[in-house]
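Coordinate inspection notes
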Amino acid sequence: MEGTQTTLPIFVLFVIIAGIYIYNIIRARKGLNVNIRPIKGLVAIDEAIGRAVEMGRPIHFTLGISRFFSDTFAAFAILRHLASKCAEMGTYPIITNSVVTVHLATEEIVRSAYMASNYPDRYRPDMVRFIAKDPFAYSVGALDVMRQENVASNIMIGTFGSATLLMAEGGRILNTYQIAGTDDLEQLPFYFISCDYTLIGEEIYGAGAHLSGDKNVLGCLRGEDWLKIGIIALILTFTVLGIIGINAPLDWFSR
Amino acid sequence: MKTHHVIFIAFGIIVIVAMFIPSSGKEASDKTMAVYNAIEKLPSGSTILLGADFEAANRAEMVPQMEALVRHIMRRHLKIISISMWDQGPMFAERILRKIGDEEGLTYGIDYVNLGYAAGAQSMVRLLKDDIKAVYKTDFSGNKTDDMPVLKDIVGAGDVSLMVDLSDSPSGPTTYLEQIQSFKKDFRLVCGLTAASVPPIMPYVESGQIEGYIIGLKGASEYEGLIGKKGLGTISLSAQSVGQAMILILILIGNLAFLWIRKIKGKENAELGK
Amino acid sequence: MENWLPITITIIIATIGFAGVFSGLPPLMGILRLGMFWMIIIGGVAAALGAVNLLQIHGIKVVRRGSGSIYSIILIIVMLGTIIIGISMSPQSLLYRFLFEFIFTPLSTAIFAILSFFIASACFRAFRIRTAEALVLVISATLVMLGKSTLGESISPYIPKIGEWVMNIPNSAGSRGILLGASLGGIAVFLRVILGIERGHFLG
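These numbers come from a predicted model, not from an experiment. The residue count restarts for each chain, going from 1 along the sequence in the order it is written. Labels are handed out in written order, letters beginning with A for the chains and numbers beginning with 1 for the ligands. Local features in this predicted model are restricted to residues of pLDDT 70 or higher, and side-chain atom pairs are both shown and tallied only at a pLDDT of 80 or more, whereas totals for entire chains, interfaces and linings draw on every residue. Only heavy atoms go into the side-chain values, all of them from the structure, while hydrogens and water stay out.

**Description of the sheet that holds strand β5 (residues 177-182) of chain A**
Residue and element names in this part refer to chain A. In this scheme, strands are said to pair when DSSP sees at least two bridges between them. The helix count covers DSSP runs of H or I at least four residues long, the strand count covers runs of E at least two residues long, and both are numbered beginning at the N terminus. The strand order β3-β2-β1-β4-β5-β6 describes an open sheet built from six strands, whose pairing is parallel. One side of each edge strand has no neighbouring strand; the edge strands of this open sheet are β3 (128-130) and β6 (197-200). Adjacent strand axes in the sheet meet at a mean angle of 15° when their direction is disregarded. As judged from the four bridges shared by strand β1 (residues 59-62) and strand β4 (residues 153-157), these two strands associate in the parallel manner. Residue pairing in the sheet places T62 in a bridge with M156 of β4. Helix axes use the C-alpha atoms of the stretch in contact, all axes being lines fitted to C-alpha atoms, and the angles between their N-to-C directions lie in the range 0 to 180 degrees.

Next comes the structure, spelled out in structure tokens:
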């Protein structure tokens, strides 16, 4: 397969990035204290659960149409926390899915969370439902489920493609308390105008760490901070070098 | 009747009435001209990879774009290989390619082909980069691709002169950039997008990785003006413009109402304070 | 530990794929290529799995005669009918094209069109100038919207230029920042998967 090798600069970059992540994961496992700034949207998830318990109504959770990309794994962490809390507090989650492979994973996550809790008998198989593959058909079906089940809160972590506004505004018209998060730039504005709290980009990746205290994710968060500082330094360096006419380093990266 | 019901009814009536207002085409923007020039400057006989990466729901914006682009490409006697990462796009590609192909006197299999949908998204495109026939053993109609004249000089997707991706999501063009252009720097890409899909791809346009794009109905109308054939893009423009004006008016009314209510509440609080 | 098999497979395939991409060695590239072909097959099978799952859920609803079971009956009939027509007559057949162009497409487009009403009511409700940031949001949204429509051109030829500037400069800067953050997060997830420490979807 001709031309499939990536270039040396990308490999060098990847080694540096991976090294920083692995170093920080090891440090976190050894007890490094990683402080996470309070993210309102994540705190709001516990508020959403509390609201549902008080009202005696279920919570709706969805991962949208994402298929095992990075936001899906972040959503799994939030779902695990949600299912555990719902099991303990006596309310129940309804998870609707648009992707079959993700549906199978969410079934397993919810079931395991209930079995690990003090109330395994509260688990019901119909908590996790596959609606439809098409984003619009899924959104209409999910909204119908929300209406029929009279959900108190709606948590959307992921993207719905073109159907995002349908889902978000539909949930608002049903008077649900809405929390949303995505790294899909196209859909963020719709979440902002229709939801009570919105998580932007890597805030959803931090969800695993914030909600579960997972040391691996905590380490990655610290690594990400280092990398962002490094990227800012690189951008400034290349900008200054470019202004004074030295383009060789940037050309080496860009080849 | 709630506020949003009133808004829905008013919006619906105004947009329906606006559909009967005739509209004229608009002057092309820089980005639309870039797409036009990218196609116009290709030598005759070049091959274009056409991505039909949109769903039926977005047909209102994407089909006018596709018709205008395909008409331009076929008039220039450039070859078209149509593929898709999503399952609904090929149905539209089949209808439009056949219709315009017949109008321009071109032959399926020799001048153009619709290979249809292949599952796997990123993996599929990665494999497509090296060997199209390994991914598509048959075309959309079930014909074997082995001896198809239009695919004779093309081994992988990276061998085409230009890719025109019609996508209702920014992940369409970015997938082709990640899986083909990352490895083949001379792979050229222009796109047709829905209006909402433009912001996330702006960094790629600024860096030159995407040479140009046409946006939604306005872009389709601009392109129709460039090729001199008025179509759905131009006809639908009035309704879209009126709809956008209505939204701006609603924002204004919403803010005026908000300020008015705040003023009244301020007076009430002041009187209670006394 | 009962899930050691899927985790092991994940680590092996991810490592081979990664090594293949960076080394370009033919044996590794061959395995990577095979893996990508399997992705295409799995993608197709997943679609079929979705149909099976839908039949299960709605079949149970029909048998139990739950509320809305009439819609489940319609769904099953239409789904099976479309599958049978598509397989037996091909997607090129008149009947299949009729179903797609005159039933499925208008329904999809109609639901998409509902978004325009939702946008209108959302704009009326959400674009309230409560803070300075909200004012900046409303002004930039108005300029971009006008710039992209024929209305803006009719008001002033500068409006499309200003709208384009907002898209090219502030929007691009913000988009790049979010894309960088999301990409770094994606690399972190990949590393956790390849090292076998991201197992939530296996173990629950």
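**Re the packing of aromatic side chains**
All names here are of chain A. For this analysis, a ring pair means two rings from Phe, Tyr or Trp (six-membered ring only for Trp) whose centres lie within 6.5 Å, classed as stacked if their planes differ by under 30 degrees, edge-to-face if by over 60, and tilted for the remaining angles. All chains considered together, the criterion is met by 16 aromatic pairs over all chains. Centre to centre, the rings of F73 and F76 are 6.1 Å apart; their planes meet at 85°, and the pair counts as edge-to-face. Of this pair, F73 and F76 are both found in helix α3 (residues 70-89), three residues apart, which corresponds to roughly one turn of the helix. Burial classes follow relative accessibility: with a 1.4 Å probe on protein chains only, a residue under 20% of its type's maximum area counts as buried, one over 50% as exposed, and anything between as partly exposed. A residue is classified by how much of its surface remains accessible, and F73, at 10% relative accessible area, is buried.

**Topic: the sheet that holds strand β6 (residues 212-215) of chain B**
All names here are of chain B. The six strands lie next to each other as β3-β2-β1-β4-β5-β6, forming an open sheet whose pairing is parallel. Edge positions in the sheet fall to β3 (112-117) and β6, since each of these pairs with one other strand and no more. Ignoring which end each strand starts from, the neighbouring axes of this sheet average 15° apart. Note on contacts: a residue pair qualifies if any of its non-hydrogen atoms lie within 4.5 Å across the two residues. On the sheet, helix α3 (residues 59-75) packs against β1 (47-53), β2 (79-84), β3, β4 (162-167), β5 (189-193) and β6 and is oriented at approximately 160° with respect to β4. The sheet strands contacting helix α8 (residues 198-206) are β5 and β6, and the helix crosses β6 at an angle near 165°.

**Topic: the packing of helix α3 (residues 69-89) of chain C against helix α4 (residues 94-126) of chain C**
Two packed helices can be described by the angle between their axes and the distance between those axes. All names here are of chain C. Contact geometry for α3 and α4: axes closest at 9 Å, N-to-C directions at 140°. The orientation of α3 relative to α4 falls into the category oblique. Here α3 runs over α4; the crossing is left-handed. Along its contact with α3, which presents T82, I85, G86 and M89, the element α4 presents L95, Y96 and L99. Amino acids outside the nonpolar list (Ala, Val, Leu, Ile, Met, Phe, Trp, Tyr, Cys, Pro) and the charged list (Asp, Glu, Lys, Arg) are all regarded as polar, and Gly is one of them. Among the residues forming the contact of α3 with α4, the class breakdown is five nonpolar, two polar and no charged. Should an angle fall under 35 degrees it is called roughly parallel, over 145 degrees roughly antiparallel, and 65 to 115 degrees roughly perpendicular, with every other angle called oblique. Here is the rule for handedness: rotate from the far helix to the near one, and if that takes an anticlockwise turn smaller than a right angle the crossing is left-handed, while a clockwise turn gives right-handed.

**Regarding the packing of α3 of chain B against helix α4 (residues 89-103) of chain B**
All names here are of chain B. Contact pair α3 / α4: the axes reach a minimum separation of 10 Å and the direction vectors enclose 35°. Pair α3 / α4 crosses with right-handed handedness. Side by side, α3 and α4 meet where R59, V63, M66, E67, V70, R71 and M74 of the first sit next to F92, A93, R95, I96, L97, K99, I100, G101 and E103 of the second.

**Regarding the domain arrangement of chain C**
Domains assigned within chain C are domain 1 (1-68) and domain 2 (131-204). All the domain ranges listed were derived from an automatic or database domain assignment. On a C-alpha basis, the centroid separation for the pair domain 1 of chain C and domain 2 of chain C is 31 Å.

**Quick notes on helix α9 (residues 216-227) of chain B**
All names here are of chain B. The length a helix should cover is 1.5 Å for every residue beyond the first. With 12 residues, α9 should reach 16 Å at 1.5 Å per residue; the first-to-last C-alpha distance of 17 Å fits that figure. Of all the 12 residues making up α9, 10 are buried; the element is thus mostly covered by neighbouring parts of the structure. Along α9, the residues that are buried comprise G216, L217, K218, G219, A220, S221, E222, Y223, E224 and I227. G228, located one to two residues past α9, shows a positive phi value of around 75°.

**A few points about the interface of chain C and chain A**
Contact residues are listed per partner, giving 49 residues for chain C and 54 residues for chain A. Counted as a polar contact is a pair of N or O atoms within 3.5 Å, where, for protein atoms, one must be capable of donating a hydrogen and the other of accepting one, and residues adjacent in sequence contribute only when both atoms are in side chains. Counting the contacts that link chain C with chain A gives two residue pairs in polar contact (both at pLDDT 80 or more). Of the residues forming the side of chain C that touches chain A, the biggest block, 16 residues, is contributed by helix α7 (residues 158-194) of chain C. Among the residues making up the side of chain C that touches chain A, the classes are represented as 33 nonpolar, 12 polar and four charged.

**Section: the domain arrangement of chain A**
By convention, interface size is frequently given as the accessible area that disappears when the constituent parts associate. Residue and element names in this part refer to chain A. Domain boundaries assigned for chain A yield domain 1 (2-33 + 214-254) and domain 2 (40-212). On a C-alpha basis, the centres of domain 1 and domain 2 stand 32 Å from each other. Each partner contributes residues to the interface: domain 1 has six residues there, and domain 2 has six residues. Contact with domain 2 buries area across many residues of domain 1, yet D214, V217 and L221 alone supply 63% of it, more than any other trio. We count a salt bridge whenever a side-chain nitrogen from Lys or Arg sits within 4 Å of a carboxyl oxygen from Asp or Glu. The interface formed by domain 1 and domain 2 includes zero salt bridges. For the interface between domain 1 and domain 2, the tally reads zero residue pairs in polar contact (both at pLDDT 80 or more). Looking at the side of domain 1 that touches domain 2, its residues break down into three nonpolar, no polar and three charged. Once two parts are brought into contact, the accessible area they lose, counted with a 1.4 Å probe and summed over both, makes up the buried area.

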